[in-house]
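# Descriptive analysis of the structure
These are the residues of each chain, in order.
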Amino acid sequence: KTLTSFFSAEPGGPRPTVSSSMPPASHHHRSRLKQVNKTHKDKTKPTAAKKRRGSSADVRLSIKRLDLGAIRKCDRKNAAVQLRKLKNQEIVSAKRLGGVGGIPPPKTVCIVAFHAAADALLVKRRILAACGVADAAKAPAHVPTAVNLPPYAHQVGIVERKGQRIILWDPPRQDGHEWPTLDALKVSDVLLAVLPSDCTAEDPAFDDAGYALLSRAKGQGLPSAVVGAVVGLDAMPPKKRAEQKKLVHRYFASDFPTQEKLCNADTETDVKNLVRTLSAATPKGMSWREDRGYIFADSLTVDPGTRTVAVTGYVRGAGFSCKHYAHLTGHGNCSVRGIVRLPDPLLARGEVEEVLEQVSAAPEEFDLKPLRPYDPTEQEQVMPTDEEIRDAERIRRRTRKIKVPKGMTSAAITDTELAWCEDASEEGDEEEGSEGEEDVEMADAAAASEGEDSEDELEVVDADQVVTKDMVEAEKKKFQLEMRSREDMDFPDEVDTPLDIAARVRFQKYRGLESFRNSPWDPYEELPLEYSRIWEFENYDQTQRAFKKQFLADAQVTGGTGTSGMYCRIILGDVPESLAAHPTNHPLILSTLYPSETKVSVMHSSIQRHDEYQEILASKAEVVVQCGFRRFPVRPVYAEAGKRYAPDKKLKYARFLHQGTTAVASWYGPIVFGPAPTIVLAGPHYAAWGSVQPAAPTRLVIKRALLTGYPFKTHKRKATVRFMFFDPDDIRWFKPVELVTKNGLRGHIEEPLGTHGYMKCRFNDYIRGDDTICLTLYKRQYPPWYPPSWGYPADYKVETLDDDAEPPRAG
């Protein structure tokens with residue numbers, strides 16, 4: 001065949017032609033070296049194992065139904081990981097509820113009404129009715145009620161097989177007395193905030209008492225899980241219902257920005273959804289209560305025969321041990337005499353009572369006495385100098401004025417006549433005193449007769465309109481405090497030199513420092529007598545860790561497995577007398593104490609003043625401080641807080657805690673190991689909040705006194721200064737102290753001028769006539785001794801020798 005035979009020609013058309021330049025046809029052989037690559041495997045291609053099962057799809061079964069021996073290795077690993085995560089989640093959930101192992105204790109829900117129109121008891125009764133409790137409409141107010149959650153509210157996968165329980169508690173709402181609610185919030189896992197539905201812009205969902213309670217609760221620490229409940233939306237028109245709930249949610253979100261769970265509590269369906277929300281609420285642990293054991297008591301029993309008190313409830317946290325003391329919030333410390341495990345009232349498992357631990361008396365190794373014994377021989381013995389001996393001799397020989405007969409001189413009088421004149425002078429003074437007393441009695445009698453004559457002229461007025469002398473004194477004292485506080489803000493630490501006493505005597509306890517920050521100050525120098533009665537740690541951090549470790553070890557071996565999560569009866573001894581007057585509708589909290597937490601030392605707390613508190617808060621004024629579970633009255637001194645904590649750093653004493661400032665409060669009180677939140681109450685008002693710092697008696701709080709003077713004449717670097725001192729001897733006494741000015745100059749005193757307190761001074765640069773010269777003095781400031789802080793009477797003296805018998809407690 002030729003090449004042209006392969007082309008087809010149309011009939012009648014021209015025949016195609018082929019170029020003569022095309023090469024002739026040749027034969028081609030297939031290459032034997034051609035590379036053939038391996039094809040990719042198809043993942044969807046059924047394998048032999050899938051063909052044997054009869055399906056190409058990988059069908060996964062439930063982990064609980066898997067036969068681990070018949071599945072692949074990767075599936076067995078995945079099942080083990082999921083089971084491990086599930087168990088870890090159960091342990092974390094139990095710890096958050098206050099239990100360490102086994103079945104966790106019930107979840108505590110604190111129902112708080114933040115408005116007078118909100119009804120917390122109504123919400124509590126509706127929740128009980130939704131949980132299937134009989135006679136829920138008759139549930140008493142302010143009584144904790146434990147209930148098992150119905151099956152529709154159980155969480156799937158975590159504690160489904162163990163069941164879920166809650167304790168509902170509605171503490172009493174009393175304006176100005178928020179301690180019951182604050183105590184209930186300390187041990188709660190969930191806060192159920194009840195809000196009214198008819199709130200407006202003028203009448204918010206939180207009234208004044210509600211805002212005050214909320215600010216205090218935030219200061220001590222709120223539960224991490226917060227749920228809101230609105231009552232009364234169902235009674236509104238349907239068109240207004242959604243808008244009103246949106247307004248309530250706006251108020252709720254503004255005060256609880258991290259929470260978005262706001263539920264209705266009107267219909268049965270709404271209440272069931274609220275119960276599901278409470279069941280799903282996951283509380284996070286509070287660090288300050290995780291390492292301690294505590295009980296929210298549901299019953300209190302007194303045994304007059306053994307003089308013990310039995311507290312019953314669910315043990316949470318680390319547990320209890322008879323080797324460590326306990327604390328009743330609001331009352332004081334006590335000893336643990338016995339721990340009895342009781343059958344759980346919510347679980348019918350046929351349990352019987354079991355005594356886990358019992359002692360006949362308080363442990364001997366731990367002493368409940370807070371103070372060290374007083375030893376007069378430990379006081380500082382300082383030998384007097386020659387100058388002090390001469391001053392004492394001069395004072396002893398100081399002449400006295402006595403009455404002598406006219407014409408008799410001191411040279412001619414004998415010792416017998418001198419003694420007779422002294423006796424006559426004393427008798428004359430006594431007669432004058434008796435005559436004065438008779439005059440006072442006659443004046444009182446005359447005033448009484450005048451009052452009888454004018455009794456008919458008196459009119460009846462209201463008791464509130466009567467201005468008494470105490471009211472006038474209180475107003476005068478308040479005005480003086482306001483003036484001093486305003487003056488301290490304008491002229492901090494400035495002190496006027498007194499005119500009636502020498503400055504070297506008035507400021508004899510002060511000293512001069514070259515640098516407040518860097519100059520050395522011995523913390524054990526010239527300590528007061530109170531420091532011989534308090535305790536000090538050689539190493540606070542190591543002691544705290546050792547005591548916590550010791551307590552956790554003792555609590556875990558109680559009963560073999562510990563008491564955390566169990567329903568127990570704790571038998572207490574050495575109970576404070578104030579427990580007998582504890583109201584039945586107020587919560588009672590029992591918490592554990594670490595070793596040495598019954599002792600007294602110098603406690604410190606970093607606090608910040610509350611913005612809404614507008615009264616004067618002065619140092620050494622009595623306030624109530626709450627540190628964690630403990631609450632006691634103290635008289636602290638305040639100091640300016642530094643940027644970072646340092647135990648050996650000097651702090652400058654502050655006479656007043658001003659608005660918007662952060663300070664360190666120091667007081668004599670029981671030792672509290674941190675972490676622990678702190679709130680400060682001045683009377684019924686919430687004043688400050690903060691956290692506890694380590695106990696350190698050697699921490700220096702330095703008080704500064706600033707003496708000021710003004711230039712009378714200036715010449716280049718020299719100046720004649722007046723009004724700083726009024727005695728040349730005072731100028732010579734303070735001559736070694738360096739001078740500073742408001743414009744930043746430094747100088748020193750050269751010599752006094754005249755007898756009226758003028759002095760020559762030289763500075764490091766030219767001084768202006770409008771400058772102010774300052775002389776800075778420092779002394780160490782200690783807190784006032786206040787025995788009611790640790791339960792002793794207010795008149796308990798430091799020098800008391802008889803400490804064998806413990807003084808009566810103040811409660």
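Residues numbered from 1 in each chain as written. Predicted model: local features only at pLDDT ≥ 70, side-chain atom pairs only at ≥ 80, totals over all residues. Heavy atoms only, no water.

A few words on the overall build of the chain. Looking only at helices and strands, the chain has 14 helices and 28 strands in total. Per-residue burial over the chain gives 42% buried out of 811 residues. Within the chain, residue pairs in contact and separated by at least 24 positions form 75% of the contacts whose partners lie at least 6 positions apart. Total accessible area on the chain stands at roughly 48,000 Å², and carbon and sulfur atoms take up 51% of it. (Helix = DSSP H or I, 4+ residues; strand = E, 2+ residues; numbered from the N terminus. Buried < 20%, exposed > 50% of the residue type's maximum accessible area, 1.4 Å probe, protein only. Contact = heavy atoms within 4.5 Å. Areas by Shrake-Rupley, 256 points an atom, 1.4 Å probe, with all protein chains shown as cover.)

The next thing to look at is the pattern of salt bridges. Scanning the entire structure with this criterion turns up 27 salt bridges. Between Arg72 and Asp75 there is a salt bridge, with its nearest N and O atoms 3.7 Å apart. The exposure class of Asp75 is buried, given its relative accessible area of 17%. As a salt-bridge pair, Asp493 and Lys652 come within 2.8 Å of each other at their nearest N and O atoms. (Salt bridge = Lys/Arg side-chain N within 4 Å of Asp/Glu carboxyl O.)

Before going further, it helps to examine the packing of aromatic side chains. Under the defined criterion, the tally for this structure stands at 24 aromatic pairs. Ring centres of Tyr668 and Trp785 lie 5.6 Å apart, and the angle between their planes is 65 degrees; this geometry places the pair in the edge-to-face category. Of the two residues, Tyr668 sits in strand β20 (residues 662–670) while Trp785 sits in the segment after β28 (773–780), which places them 117 residues apart along the sequence. Given a relative accessible area of 2%, Tyr668 falls into the buried group. Between the aromatic rings of Phe725 and Phe734, the centroid separation amounts to 5.3 Å while the plane-to-plane angle is 10 degrees, which identifies the pairing as stacked. Aromatic rings pair up to connect Tyr531, Tyr668, Tyr782, Trp785, Trp790, Tyr792 and Tyr796 into one cluster. One cation-aromatic arrangement involves Arg511 over Trp521; the distance from NZ or CZ to the ring centre is 4.0 Å. (Phe/Tyr/Trp six-rings, centres within 6.5 Å; stacked < 30°, edge-to-face > 60°. Lys NZ or Arg CZ within 6 Å of the ring centre and 35° of its normal.)

Time to look at the sheet that holds strand β6 (residues 262–264). If you walk across this open sheet you meet the six strands as β2-β3-β1-β4-β5-β6, and the pairing is mixed. In this open sheet, the two strands that pair with only one neighbour each are β2 (145–148) and β6. Ignoring strand direction, the axes of neighbouring strands in this sheet form an average angle of 30 degrees. For strand β1 (residues 107–113) and strand β4 (residues 190–196), the ladder comprises five bridges, and the chain directions are parallel. The residue bridging Cys110 from the neighbouring strand is Leu191, located in β4. Seen against the sheet, helix α3 (residues 120–130) touches β1, β2, β3 (165–169), β4 and β5 (225–231) and runs at an angle of roughly 120 degrees to β4. (Pairing = 2+ DSSP bridges. Axes fitted to C-alpha atoms, helices over the stretch in contact; angles between N-to-C directions.)

Considering every residue of the chain, the mean pLDDT works out to 80; 73% of them sit at 70 or more. Segment residues 1–23 is flagged for pLDDT under 50; beyond a separation of four residues in sequence, or across chains, it makes five contacts in the model. Under a pLDDT of 50 for its full length, residues 429–465 has, in the predicted model, two contacts with residues more than four places off or in other chains. (pLDDT = per-residue confidence, 0-100.)

Mapped onto the secondary structure, Trp169 falls in strand β3. Exposure remark for Trp169: the relative accessible area of 2% places this residue in the buried category. Taking the C-alpha atoms as reference, Trp169 lies 5.1 Å from Cys110; in sequence the two are 59 residues apart. Each residue touching Trp169, except ones within four places of it in the same chain, is listed here: Val109, Cys110, Ile111, His142, Val143, Pro144, Ala184, Phe296, Asn585, His586 and Pro587.

Attention shifts here to the nonpolar core. The biggest cluster of nonpolar side chains holds 35 residues, and the ones touching the most others in it are Phe114, Leu191, Leu195, Phe206, Phe252 and Phe256. Those elements giving two or more residues to this core turn out to be β1, α4 (179–186), β4, α5 (208–220), β5, α6 (238–255), β7 (293–296) and β21 (677–682). With sequence-adjacent residues up to four places away left out, Leu195 is seen in contact with Phe114, Ala118, Ala205, Phe206, Ala229, Val230, Val231, Val248 and Phe252. Among the nonpolar cores identified, the runner-up in size contains 32 residues, and Cys627, Ala663, Ala665 and Val692 belong to it. (Core = buried A, V, L, I, M, F, W, Y, C linked by side-chain atoms within 4.5 Å.)

Direction vectors running N to C along α4 and α5 enclose 35 degrees, while the axes themselves pass 10 Å from each other. Relative to α5, α4 is oriented so that their crossing is right-handed. Between α4 and α5, the contacting residues are Thr181, Leu182, Leu185 and Lys186 on the first element and Leu213, Arg216, Ala217 and Gln220 on the second. Class assignment for the residues of the contact of α4 with α5 results in four nonpolar, two polar and two charged. (Left-handed = near helix turned anticlockwise from the far one by under 90°. Nonpolar A, V, L, I, M, F, W, Y, C, P; charged D, E, K, R; others polar.)

With that settled, consider the packing of α3 against helix α7 (residues 268–280). Where α3 meets α7, the closest approach of the two axes is 9 Å, and the angle between their N-to-C directions is 90 degrees. Considering their axes alone, α3 and α7 lie roughly perpendicular with respect to each other. For the pair α3 and α7, contact is made by Val123, Arg126, Ile127 and Ala130 and by Val271, Leu274, Val275 and Leu278, respectively. Class assignment of the residues belonging to the contact of α3 with α7 gives a composition of seven nonpolar, no polar and one charged. (Parallel < 35°, antiparallel > 145°, perpendicular 65-115°, else oblique.)

Moving on to the side chain of Ser335. Structurally, Ser335 is set in strand β11 (residues 332–341). Within the structure, the side chain of Ser335 is placed 3.2 Å from the side chain of Arg337, a separation counted as a polar contact. (Polar contact = N/O pair within 3.5 Å; in protein donor to acceptor, adjacent residues only side chain to side chain.)

Our focus in this paragraph is the side chain of Asp266. Looking at the element boundaries, Asp266 is found in the loop between β6 and α7. Only 3.0 Å separates the side chain of Asp266 from the backbone nitrogen of Leu233, close enough to count as a polar contact. Within polar-contact distance, the side chain of Asp266 engages the backbone nitrogen of Asp234 at 2.9 Å. Excluding residues that lie within four positions of it along the chain, Asp266 makes contacts with Arg126, Val230, Val231, Gly232, Leu233 and Asp234.

The subject of this paragraph is the environment of Tyr540. Among the secondary structure elements, Tyr540 is positioned in helix α13 (residues 540–556). Taking the C-alpha atoms as reference points, Tyr540 and Phe673, separated by 133 residues in sequence, lie 9.4 Å from one another. Discounting chain neighbours no more than four positions away, the residues touching Tyr540 are Val672, Phe673, Gly674, Pro694 and Ala695.

This part takes up unusual backbone geometry. Cis peptide bonds are those with omega within 30 degrees of zero, and the linkage from Gly674 to Pro675 qualifies with 0 degrees. Along the chain, the position of Pro675 falls in the loop between β20 and β21. Positive phi, normally seen in glycine, also occurs at Asp574, with a value near 55 degrees. Its location among the elements puts Asp574 in the loop between β13 (567–573) and β14 (589–592).

The subject of this paragraph is the pairing of strand β22 (residues 685–693). As defined by bridge partners, strand β15 (residues 600–609) adjoins β22 across six bridges and the pair is classed as antiparallel. Following the sheet pairing, Ile607 is matched in β22 by Gly690. In this structure, β21 lies alongside β22, joined through six bridges in antiparallel fashion. For Ala682, the partnering residue across the bridge sits in β22 and is His685. The antiparallel hairpin formed by β21 and β22 contains two residues in its connecting segment, where Gly683 sits at a positive phi of about 70 degrees.

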